[in-house]
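Now for the letters of each chain:
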Amino acid sequence: MQKTILIVEDDANIRELLRLYLEQEGYKVESAQDGLEGIRAFKRIHPDLVLLDLMMPVMDGTQVIKQIREVSKTPVIMLTAKGETFDKVAGLDLGADDYVTKPFEVRELIARIRAVLRRYGGDETPQKLEFDNLIIDKESYNIVVKGEKMEIPPKEIELLYFLASSPNRVFTRAQLLDDVWGFDYFGDTRTVDVHIKRLREKLQDVSPKWEIKTVWGVGYKFELLD
């Protein structure tokens, strides 16, 4: 199920930047330009997660999260300006789940969003994925091909699981680096190509019903075939 994220931020440029990146990641995005509008939007749409700026007109972030916590345990990530130490502590004390300091790396923020949603059960992807002649068990780090367990390095299992958990969705190499290797990984996109090549060699001719497909100029996807 598509998750909805509410952005409560008075800077229009930041709102638009976040909307573009989050929609690219598959989230539905709603936004509000001040705290009061944010509370109204929260009550209207019941989002799965809130990105909440601290310093806003009309009603600041601490007041907003206080009102949210009166009625909901919806996860909240605070967006704080550099040096707002008191506000960060106050926000966490009021029930924020995490905070990110501006200026922030969007990749890091997206990684934190995923981590918070996982903690709240917002990531509903099963640990075991089953396809024709293939079982990917993320919990035990096992790959079973045609009933036989296959020895595959953990990172290749993580890459295969990530692609297969969103069948037919195309991911760029940069997205795969962020999600599988982590936003703080400093390797280059050739790392992804090498791991894809190894997976294809090991899974060649396993099934005519799926394949790891290259989308030229974009990236890769786990494609389900008719």
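As shown above, the structure is provided for reference.
As a convention, each chain's residues are numbered from 1 in the sequence order in which they are written. pLDDT decides what is reported in this predicted model: residues at 70 or higher carry local features, side-chain atom pairs at 80 or more are listed and counted, and totals for whole chains, interfaces and linings draw on all residues regardless. No hydrogens and no water enter the side-chain calculation; it runs on all heavy atoms of the structure.

Undergrad: I'd like to hear about the pairing of strand β11 (residues 210-215), residue by residue, with values.
TA: Alternating residues of β11 divide into W210, I212 and T214, all buried, and E211, K213 and V215, none buried. Here, any two strands with at least 2 DSSP bridges between them count as paired. Secondary structure follows DSSP: runs of H or I at least 4 residues long count as helices, runs of E at least 2 residues long count as strands, and numbering of each begins at the N terminus. In this sheet, strand β12 (residues 219-224) lies alongside β11 in antiparallel orientation, the contact comprising six bridges. Bridged to T214 within β12 is Y220. Turn length for the β11-β12 hairpin, with the two strands adjacent in sequence and antiparallel, is three residues, and the turn residue G217 shows positive phi of about 80°. Working definition: with a 1.4 Å probe on protein chains only, accessible area under 20% of the residue-type maximum means buried, over 50% means exposed, and in between means partly exposed.

Undergrad: Give me the lowdown on the pairing of strand β7 (residues 134-137), citing residues and values where you can.
TA: The side chains of a regular strand alternate, first on one face of the sheet and then on the other. Bridge count between strand β6 (residues 128-131) and β7: four bridges; the pairing is antiparallel. Residue E130 lies in a different strand from β7, and its bridge partner there is I135. Remark: two residues form the turn of the hairpin made by β6 and β7, two consecutive strands paired antiparallel; N133 in that turn has positive phi of roughly 65°. Pairing analysis gives four bridges linking β7 to strand β8 (residues 142-145), with the strands arranged antiparallel. Across the sheet, the residue bridging to I136 is I143, located in β8.

Undergrad: Mind laying out the side chain of T62, listing which residues take part and the relevant values?
TA: Residue placement: T62 occurs in helix α3 (residues 61-71). Within the local environment of T62, its side chain forms a polar contact with the side chain of D60, the two groups lying 2.8 Å apart. Once residues within four sequence positions are removed from consideration, T62 is found in contact with L54 and L94. N or O atoms within 3.5 Å of each other form a polar contact, as long as, within protein, one can give a hydrogen and the other can take it, and as long as residues adjacent in sequence are counted only when both atoms are side-chain atoms. We call two residues in contact whenever any of their non-hydrogen atoms come within 4.5 Å of each other.

Undergrad: So, the pattern of salt bridges: which residues are in play, and what are the values?
TA: Oppositely charged side chains are able to pair whenever their charged atoms sit close together. Here a salt bridge means any side-chain nitrogen of Lys or Arg lying within 4 Å of a carboxyl oxygen belonging to Asp or Glu. This structure, assessed with the given rule, holds 15 salt bridges. The partner of R114 in a salt bridge is E25, and the shortest N-O contact between them spans 2.2 Å. With R114 in helix α5 (residues 106-119) and E25 in the loop between α1 (12-24) and β2 (28-32), this residue pair connects regions lying 89 residues apart in the sequence. A single burial state applies to R114 and to E25, both of which are buried.

Undergrad: Which residues make up the sheet that holds strand β4 (residues 76-81), and what are the values?
TA: One open sheet holds the five strands; their spatial order is β2-β1-β3-β4-β5, and the pairing between them is parallel. Taken across any chain shown, the strands that pair with only one partner, and hence form the sheet edges, are β2 and β5 (98-102). Between one strand and the next, the sheet's axes are offset by a mean angle of 20°, whatever the strand orientation. Only the stretch in contact is used when a helix axis is fitted, and all axes are lines through C-alpha atoms; the angle between N-to-C directions ranges over 0 to 180 degrees. Its contacts with the sheet put helix α2 (residues 35-45) on β1 (4-8), β2 and β3 (49-53), and the angle it makes with β1 is roughly 165°.

Undergrad: Explain the nonpolar core residue by residue, including any values.
TA: L134, I136, L203 and F222 are the most contacted members of the largest nonpolar core, which totals 28 residues. When contributions to this core are tallied by element, the ones reaching two or more residues are β6, β7, β8, α6 (154-164), α7 (173-181), α8 (190-203), β11 and β12. Ranked by the residues each element gives to this core, the list is headed by α6, at seven residues. Not counting residues within four places of it along the chain, the set of residues in contact with I136 comprises Q127, K128, L129, F131, N142, I143, I157, L160, Y161 and A164. Remark: nonpolar core denotes a set of buried residues (Ala, Val, Leu, Ile, Met, Phe, Trp, Tyr, Cys) joined through side-chain atoms within 4.5 Å.

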